[in-house]
Amino acid sequence: RLSPQGENGVNSRAVRVGTRRSQLARIQTDSVVEMLHKLYPDLSFEIAVAMSTTGDKILDTALSKIGEKSLFTKELENALERNEVDLVVHSLKDLPTSLPPGFTIGAVCKRENPLDAVVFHPKNCGKTLSLLPEKSVIGTSSLRRAAQLKKKFPQLEFRDIRGNLNTRLKKLDEKEDFSAIILAAAGLKRMGWENRIGQLLSPEDCLYAVGQGALAVEVRAKDQEILNMVSALHDADTVLRCIAERAFMKRLEGGCSVPVAVNSMLKDGQLYLTGAVYSLDGSDSLRETMQTSVNYPQQSEDGPNDDVQHVGITAKNVPGQAQEAAESLGVELASLLLSKGAKHILSVARQLNDAH
């Protein structure tokens, strides 16, 4: 709980929340503000800045080609740095594994379904990917999705499609260019478009992106009041899974420009992580699974390690040893793949992608 503050404390002013301009970003931000409202009914929140980010503006170039790490986050972080906003809501998968100095992820909310979903053109309603005619064109802006699905469905063609969810669905429905498009199930669900999901891709078909389905609240690392406030939103299971996934990606030095994918699960105190890397056409891949125990008690709060970040996440209310175990799991799994030749697969993928 927030302790009552003095004149300049959080209680005496509105908490300003930054968001991107897209409809999905607004819905996600509203849901976080609603959760905070329930926890702190006496505080007022204002959604202050709805901005377009680099990733929103450059729509004629594949994400993997723009080469900017924080495509959808940079402008929001600038507002945070200038004290124009107190917190920013992101899709966790948009946040790089190393945040700029001075920032931290103060909350990772309970994860929505992280799987990828297929949305079919109305004329293909009721079909699955395997039932589509040969040479059907599937739209996706993700190298990760394309690499996995090319291998699984060699009879299909994969083409880039950009724009926010609304734009992509419009392109699908109003033209004949695409037979189907691949999107994150979480985004469709949050938009209230779950009925458009024609097929959910299981981890056997398509491993998902690091952090997919989870919302992150980014704050200034030194702003203890706001950090304490948002930390109540942490979902412990999601935090541990996402720390492992982000540590895996960071060790591989993966990002938008290479196909890296994961699947994680927490069961009976054991954290399981599957990670994979792919060549651009999916013909070459490495995939392994490891597990570790994260069954540790929460230790007393006070201590020098109060604000330790694990791959950019500060989670005071999740046992520190469990976070360390999760991070080690991700690093060890990545190291195993690197020892088997992952670096070569990824550097070839990167070069090919840059050359296209």
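Note on numbering: residues in each chain are counted from 1, in written sequence order. Predicted model: local features are reported for residues with pLDDT of at least 70 only, side-chain atom pairs are reported and counted for 80 or more only, and whole-chain, interface and lining totals are derived from all residues. Computation of side-chain values: all heavy atoms of the structure, hydrogens and water removed.

- Taking an unreviewed UniProt entry as the reference, the protein chain is identified by name as Porphobilinogen deaminase belonging to Aegotheles bennettii.
- UniProt positions are given in the numbering used here, feature names are shortened, and annotations may be inferred rather than shown by experiment. What UniProt states about the protein chain under its Subunit (unreviewed entry) heading is, verbatim, "Monomer."
- If you open the UniProt record of the protein chain and go to Cofactor (unreviewed entry), you find "dipyrromethane".

## Focus: the overall build of the protein chain
Phase 1 of the analysis: Summing up its helical and strand segments, the protein chain has eleven helices and 13 strands in all.
Phase 2 of the analysis: The buried label applies to any residue whose accessible area, calculated with a 1.4 Å probe on protein chains only, is under 20% of its type's maximum; exposed applies above 50%, and partly exposed to all values in between. Taking all 356 residues of the protein chain together, the buried fraction comes to 54%.
Phase 3 of the analysis: Any two residues whose heavy atoms approach within 4.5 Å are treated as being in contact. Contacts spanning at least 24 positions in sequence make up 72% of the contacts within the protein chain whose residues lie at least 6 apart.
Phase 4 of the analysis: On the protein chain, roughly 15900 Å² of surface is accessible, and the fraction owed to carbon and sulfur atoms is 47%. Counting from the N terminus, the helices are the DSSP runs of H or I reaching at least four residues and the strands are the DSSP runs of E reaching at least two. Per-residue and other accessible areas follow the Shrake-Rupley method at a 1.4 Å probe size, with only the shown protein chains counted as cover for residues.

## Some details on the pairing of strand 11 (residues 260-267)
Phase 1 of the analysis: When DSSP finds two or more bridges between two strands, those strands count as paired. Bridge count between strand 11 and strand 12 (residues 270-278): eight bridges; the pairing is antiparallel. The partner of Val260 across the bridge, within strand 12, is Val277.
Phase 2 of the analysis: Between strand 11 and strand 12, which follow one another and run antiparallel, lie two residues, and Asp268 among them has a positive phi close to 50°.

## Quick look at helix 9 (residues 236-252)
Phase 1 of the analysis: Any helix carries an expected span of 1.5 Å times its number of residues minus one. Taking 1.5 Å of rise per residue, 17 residues should cover 24 Å, and helix 9 covers 25 Å from first to last C-alpha, within 8% of that figure.
Phase 2 of the analysis: Of all 17 residues in helix 9, 13 are buried, a share of seventy percent or more.
Phase 3 of the analysis: Immediately beyond the C-terminal end of helix 9, within one or two residues, lies Glu253, with a positive phi of roughly 55°.

## A look at the nonpolar core
Phase 1 of the analysis: Ranked by internal contacts, the top residues of the largest apolar core, which has 50 residues, are Leu92, Ile105, Phe248, Leu252, Val260 and Val277.
Phase 2 of the analysis: Among the elements of the structure, helix 4 (74-81), strand 4 (103-108), helix 9, strand 11, strand 12, helix 10 (320-339) and helix 11 (342-355) are those that each provide at least two residues to this core.
Phase 3 of the analysis: For this core, the element with the highest residue contribution is helix 9, accounting for nine residues.
Phase 4 of the analysis: Among residues more than four places away in sequence, those in contact with Leu92 are Ile105, Val108, Gly211, Ala214, Leu215, Ala216, Cys242 and Arg246.
Phase 5 of the analysis: Counting residues in hydrophobic clusters, the runner-up holds 20 residues, among them Leu43, Cys109, Ile226 and Val230. Residue types Ala, Val, Leu, Ile, Met, Phe, Trp, Tyr and Cys, when buried and joined through side-chain atoms within 4.5 Å, form a set referred to as a nonpolar core.

## Things to note about the side chain of Thr238
Phase 1 of the analysis: Note that Thr238 resides in helix 9.
Phase 2 of the analysis: A polar side-chain atom of Thr238 sits 3.1 Å from the main-chain amide nitrogen of Arg111.
Phase 3 of the analysis: Look past the residues within four positions of Thr238 in its chain and what remains in contact with it is Val108, Cys109, Lys110, Arg111 and Ala214. Contacts described as polar in this section are N or O atom pairs within 3.5 Å, which, within protein, must combine one atom able to donate a hydrogen with one able to accept it, while residues neighboring in sequence count only if both atoms come from side chains.

## Brief notes about unusual backbone geometry
Phase 1 of the analysis: With a phi angle near 65°, Asn83 is a residue other than glycine that sits in the positive phi range.
Phase 2 of the analysis: Within the element layout of this structure, Asn83 appears in the loop between helix 4 and strand 3 (87-91).
Phase 3 of the analysis: Among the residues examined, Asn83 registers a relative accessible area of 43% and is labelled partly exposed.
Phase 4 of the analysis: One non-glycine residue, Val311, adopts positive backbone phi at about 40°.
Phase 5 of the analysis: Counting through the fold element by element, Val311 comes out in the loop between strand 13 (285-293) and helix 10.

## Quick notes on the sheet that holds strand 13
Phase 1 of the analysis: In space, the three strands of this open sheet follow the order 11-12-13, with antiparallel pairing throughout. What marks the edges here is a single partner per strand, and that holds for strand 11 and strand 13. Strand-to-strand twist across the sheet, computed as the mean angle between neighbouring axes with direction ignored, equals 10°.
Phase 2 of the analysis: Whenever a helix is involved, its axis is fitted only over the stretch in contact; in every case the axis is a line through C-alpha atoms, and angles between N-to-C directions fall within 0 to 180 degrees. Sitting on the sheet, helix 9 is in contact with strand 11 and strand 12, with an inclination near 150° to strand 11.
Phase 3 of the analysis: Packing against the sheet, helix 11 makes contact with strand 11, strand 12 and strand 13, and its axis sits at approximately 50° to strand 12.

## A look at the environment of Val219
Phase 1 of the analysis: Position of Val219 relative to the elements: it lies in strand 10 (residues 215-220).
Phase 2 of the analysis: For Val219, a relative accessible area of 0% corresponds to the buried category.
Phase 3 of the analysis: In this structure the C-alpha to C-alpha distance between Val219 and Ile105, which are 114 residues apart in sequence, comes to 6.3 Å.
Phase 4 of the analysis: Ignoring anything within four residues of it in the chain, the contact list for Val219 reads Leu80, Asp86, Leu87, Gly102, Phe103, Thr104, Gly106, Ile226, Leu227 and Val230.

## Focus on the pattern of salt bridges
Phase 1 of the analysis: For salt bridges, the criterion is a side-chain nitrogen of Lys or Arg within 4 Å of an Asp or Glu carboxyl oxygen. Counted according to the given criterion, the structure contains 16 salt bridges.
Phase 2 of the analysis: For Arg20, the salt bridge identified is with Asp94, shortest N-O distance 3.6 Å. Taken together, the residues Arg20 in strand 1 (residues 15-20) and Asp94 in the loop between strand 3 and strand 4 connect sequence positions 74 residues apart. Asp94 shares its class with Arg20; the two are buried.
Phase 3 of the analysis: Asp86 serves as the salt-bridge partner of Arg220, at 3.3 Å between the closest nitrogen and oxygen. Of the two residues, Arg220 is situated in strand 10 and Asp86 in the loop between helix 4 and strand 3; the sequence distance between them amounts to 134 residues.
Phase 4 of the analysis: Judged by its relative accessible area of 14%, Arg220 falls in the buried class.
Phase 5 of the analysis: Where salt bridges share partners, they join Arg16, Asp86, Arg220 and Asp223 into one cluster.

## Examining the packing of helix 9 against helix 10
The geometry of a pair of packed helices is captured by two quantities: the angle between their axes and the separation between those axes.
Phase 1 of the analysis: Across the interface, helix 9 lies against helix 10 with an axial gap of 7 Å and an inter-helix angle of 35°. For the pair helix 9 and helix 10, the crossing hand works out as right-handed. Contacts between helix 9 and helix 10 involve Leu240, Ile243, Ala244, Ala247, Phe248, Arg251 and Leu252 on the former and, on the latter, Ala322, Gln323, Ala326, Glu327, Leu329, Gly330, Val331, Leu333, Ala334, Ser335, Leu337 and Leu338. By convention, the crossing between two helices is left-handed when the near helix turns anticlockwise from the far helix through less than a right angle, and right-handed when the turn is clockwise.

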